[in-house]
Amino acid sequence: MARLTNDNVELAREIIGRYPRPKSALIPLLHLAQEQDGHLTDEAMAHIGELVGVSSAEVLGTASFYEMFKMETVGRYMVNICTNISCQLRGGEELLAHAEKTLGIRPGQTTSDGLFTLEDVECIAACTEAPCLQVNYRYEHRISNEGFDQLVNDLRAGRRSDIPSHGVLAEVRQHIPEDRRAGVVTPEDKAVPVWIAAAGEGDK
Amino acid sequence: MITDAPRIITSRFDNADSFTLAGYEATGGYQALRKALSMGPAAVADEVKTATLLGRGGAGFPAGVKWGLAPENVWPRYLVVNGDESEPGTYKDRLLMERDPHQLIEGVLLACYAIGCGQAFLYVRGEMAVAQERIAAALNDAYAAGYVGKNILGSDFSVDVVLTWGAGAYIVGEETALIESLEGNRGMPRLKPPYFPAAKGLYMQPTIVNNVETLSNLPWIVTNGGEAFAALGAETSRGTRMFAVSGHVKNPGVFEVEYGVTTFRDLIFAPQYAGGILGDRALKAFIPGGASAPWFFEEHLDLPLEKVTVDRAGSMLGSGAVVVMDETTDAVKACLRVVRFFARESCGKCTPCREGTTWLENILQRIQDGYGRPTDLDLLLDVSDNISPGIAWPPKQTTICPLGPSAVSPIASALQRFRPEFEARIAYAQEARHSIPVTITKASSHG
Ligand SMILES: Cc1cc2nc3c(=O)[nH]c(=O)nc-3n(C[C@H](O)[C@H](O)[C@H](O)COP(=O)(O)O)c2cc1C
Ligand code: SF4
Ligand code: FES
């Protein structure tokens, strides 16, 4: 299990094809694997290594640097509560304490039903909307304790179809149509860009 | 001074369809691109130079000058868009990406056209799913409409704009770390030299890295001319700029104001902006430009939001993040939170940063927990001095990137101003320790 599915391999090839060097596609491909399995499996990382032409160790080396990549199973919903300075001033820590009570877990833990993982995170760029959080990287602004409990109830009851399960990021993907593609420019493509040359600025 | 300067980059924010191609085209969208194609690349670059558009990502380097740093006759060149917004207190690039993605894309195209970039990479912070979605949709529509890709609008200008995204790491906002990440590596800053990605960046080719807000200004500049932009603002700071005002204010929000002339007092107190301090309490301190900036106080309120003025006053406008703390704020707790951020986000490459920020956190944590020692404040300053000798402003660099030294300045500014508060906390802890027979149940891992 857990190598990329055929559909995902096709997507992976399309993504790799947009970069001058295949390894540049690594992070987007790791997200694709996490979208498929909810977390990163060794098999998927090895498969990605094959696709971009680097060793599994190199794939792991990159993956392990980034907080969003999870090497273990996590909850269906990743609840990230910001406690950084703007949020701290407006009740972020109190919200986190409330969330711990409601969910019965500490940051870094997952509820026994496998639904929720809680994290105490750094600034998520919603500072004027404090206290705030993300569920699977979708925002909830200015959320109260009651609002939090309501959110948890709604998620438990399947009433938040706008929030996909953990691993899914953007639900719209970039797709460059073949007939509109300008093409990848590699470091070996030393030619002066056409519009620069045409403007007589090639020597600038 | 509050002015009636036009909204340059947030002009569509109130429109329900601001992020759609139809909404963008109906409000002048992609007209700057048409105009640019008739002007030629050099003329576009000149307008940007005339505008004196300072970079909005933190360092405030003029975009026109940066573009000129790409070495002559070295091809290909790349454009990398920095959409990694993650400096604590900063909230504007996400808004620009979610609400007006086409304006950013048009800005990217104008930059590529002027600089001669063969390909552009738009790097969005990993945690911003909606921004990624909006940009993906906008790019798909813009390709279909002939604005991006091969022979744009029938001209000889061709460029692919590739949406790419991160996976959670503050340090990736630093431009050389961003480039490493874009090459598929761990996001660690590069050793300098080479000093500027403009000379050697992505795949060691000339690469211009610009912030989302910086590039979002380009359509307006090309449409209205660099001079119209430079007519707004004062001194080095021209045009308008977005500021996020958060913390203890009545009306936290993101406001686009005239750069260089609007003051901190306007921003924090004016009814059309943040509306004053919560509960009409007194101001204790404010952060003028993100967590890396030394704190400002009451006496700085009348400074204009002008780069050089604020630099000279001992801090920075950084990423346009104003965080307001009222008189009830616990300075120790706030400092600890800021330091914990740097300790967590240090990439670990340099010893002063990795070890130093960790020790600053440990010491502040024990003060906060009631185990502070009388020598701790000098120890904090001593560790700070080891990270950045002299604890000066701007901070002296001992490390590969500015993250480590940046952790020092805010703490030092708070400690200097509120030293009695820190001392009282420690004295109280000492007294409590000696008067009550304590059984320490919560083991302090930081003692
Ligand atoms: C630790 C660190 C973090 C940074 N984070 C960001 C960021 O999140 N977004 C950003 O645009 N610039 C960030 N910068 C600044 C970039 O290195 C770079 O100067 C900027 O993207 C250039 O764009 P500009 O000239 O248009 O401002 C950061 C710098 C440092 C040292
Ligand atoms: S200063 Fe800190 S974050 Fe910057 S390169 Fe060194 S260890 Fe990494
Ligand atoms: S500090 Fe919490 S979102 Fe920025």
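Residues numbered from 1 in each chain as written. Chains lettered and ligands numbered in written order. Predicted model: local features only at pLDDT ≥ 70, side-chain atom pairs only at ≥ 80, totals over all residues. Heavy atoms only, no water.

With that settled, consider the overall build of chain B. For chain B, the count of helices and strands is 17 helices and 10 strands. Since a compact globule built from 447 residues should have a radius of gyration of about 22 Å, the 23 Å found for chain B is in line with a globular shape. Principal-axis analysis of the C-alpha atoms places the extent of chain B at approximately 85 × 45 × 35 Å. Across chain B, contacts joining residues at least 24 apart in sequence account for 70% of those joining residues at least 6 apart. (Helix = DSSP H or I, 4+ residues; strand = E, 2+ residues; numbered from the N terminus. Rg over C-alpha atoms; globule rule 2.2 N^0.38 Å. Contact = heavy atoms within 4.5 Å.)

Further remarks concern the overall build of chain A. Counting its regular elements, chain A contains eight helices and four strands. The N-to-C order of helical and strand elements in chain A reads α-α-α-α-β-α-α-β-β-β-α-α. The buried share among the 204 residues of chain A stands at 57%. When the accessible surface of chain A is summed, it comes to about 8600 Å², and 48% of that surface belongs to carbon and sulfur atoms. Computed over 20 positive and 31 negative side-chain charges, the separation of the two mean positions in chain A equals 2 Å. (Buried < 20%, exposed > 50% of the residue type's maximum accessible area, 1.4 Å probe, protein only. Areas by Shrake-Rupley, 256 points an atom, 1.4 Å probe, with all protein chains shown as cover. Lys, Arg positive; Asp, Glu negative; His and termini not counted. Charge placed at Lys NZ, Arg CZ, Asp CG, Glu CD.)

This part is about the sheet that holds strand β8 (residues 253–258) of chain B. Residues and elements named next belong to chain B. The four strands lie next to each other as β8-β7-β10-β9, forming an open sheet whose pairing is mixed. One side of each edge strand has no neighbouring strand; the edge strands of this open sheet are β8 and β9 (283–287). With direction set aside, neighbouring strand axes in the sheet form an average angle of 25°. In this sheet, strand β10 (residues 321–326) lies alongside β9 in antiparallel orientation, the contact comprising four bridges. Directly across from Ala285, in β10, lies its bridge partner Met325. (Pairing = 2+ DSSP bridges. Axes fitted to C-alpha atoms, helices over the stretch in contact; angles between N-to-C directions.)

What follows covers the site of ligand 1. All names here are of chain B. As a matter of local geometry, ligand 1 sits amid 18 residues, with Gly57, Lys66, Asn210, Asn211 and Thr214 nearest to it. One of the side-chain nitrogen or oxygen atoms of Asn210 is found 2.9 Å away from an oxygen atom of ligand 1. Within the contact set of ligand 1, an oxygen atom lies 2.7 Å away from a side-chain nitrogen or oxygen of Thr214. Protein contact buries 89% of the 620 Å² of open area that ligand 1 shows by itself. The element contributing the most residues to the shell around ligand 1 is strand β4 (residues 207–211), with three residues. Of the residues in the shell around ligand 1, the class split is four nonpolar, eight polar and six charged. (Near = heavy atom within 4 Å. Polar contact = N/O pair within 3.5 Å; in protein donor to acceptor, adjacent residues only side chain to side chain. Nonpolar A, V, L, I, M, F, W, Y, C, P; charged D, E, K, R; others polar.)

The next subject is the environment of Glu140(A). Residue and element names in this part refer to chain A. Summarising the element assignment, Glu140 is placed in strand β4 (residues 138–140). Classification of Glu140 by relative accessible area gives buried; the value is 17%. When the C-alpha positions of Glu140 and Met68 are compared, they lie 18 Å apart, and in sequence the two are 72 residues distant. Engagement of the side chain of Glu140 in a polar contact is seen with the side chain of Arg160, the distance being 3.0 Å.

Further remarks concern the domain arrangement of chain B. Residue and element names in this part refer to chain B. For chain B, the assigned domains are domain 1 (21–230), domain 2 (233–326) and domain 3 (331–432). Taking the mean C-alpha position of each, domain 1 and domain 3 sit 36 Å from one another. If you look at where domain 1 meets domain 3, you find zero salt bridges. At the junction of domain 1 with domain 3, the criterion picks out three residue pairs in polar contact (both at pLDDT 80 or more). (Domains from an automatic or database assignment. Salt bridge = Lys/Arg side-chain N within 4 Å of Asp/Glu carboxyl O.)

What follows concerns the interface of chain B and chain A. The interface of chain B with chain A comprises 92 residues on the first partner and 74 residues on the second. Carbon and sulfur atoms supply 55% of the area that chain B and chain A bury against each other, a total of about 6600 Å² over both sides. Remark: the boundary between chain B and chain A carries six salt bridges. In this structure, the salt-bridge partner of Asp120(A) is Arg340(B), at a minimum N-O distance of 3.1 Å. Our count for the chain B to chain A interface comes out at 46 residue pairs in polar contact (both at pLDDT 80 or more). In terms of residue class, the side of chain B that touches chain A is made up of 47 nonpolar, 26 polar and 19 charged. (Buried area = accessible area lost by both parts, 1.4 Å probe.)

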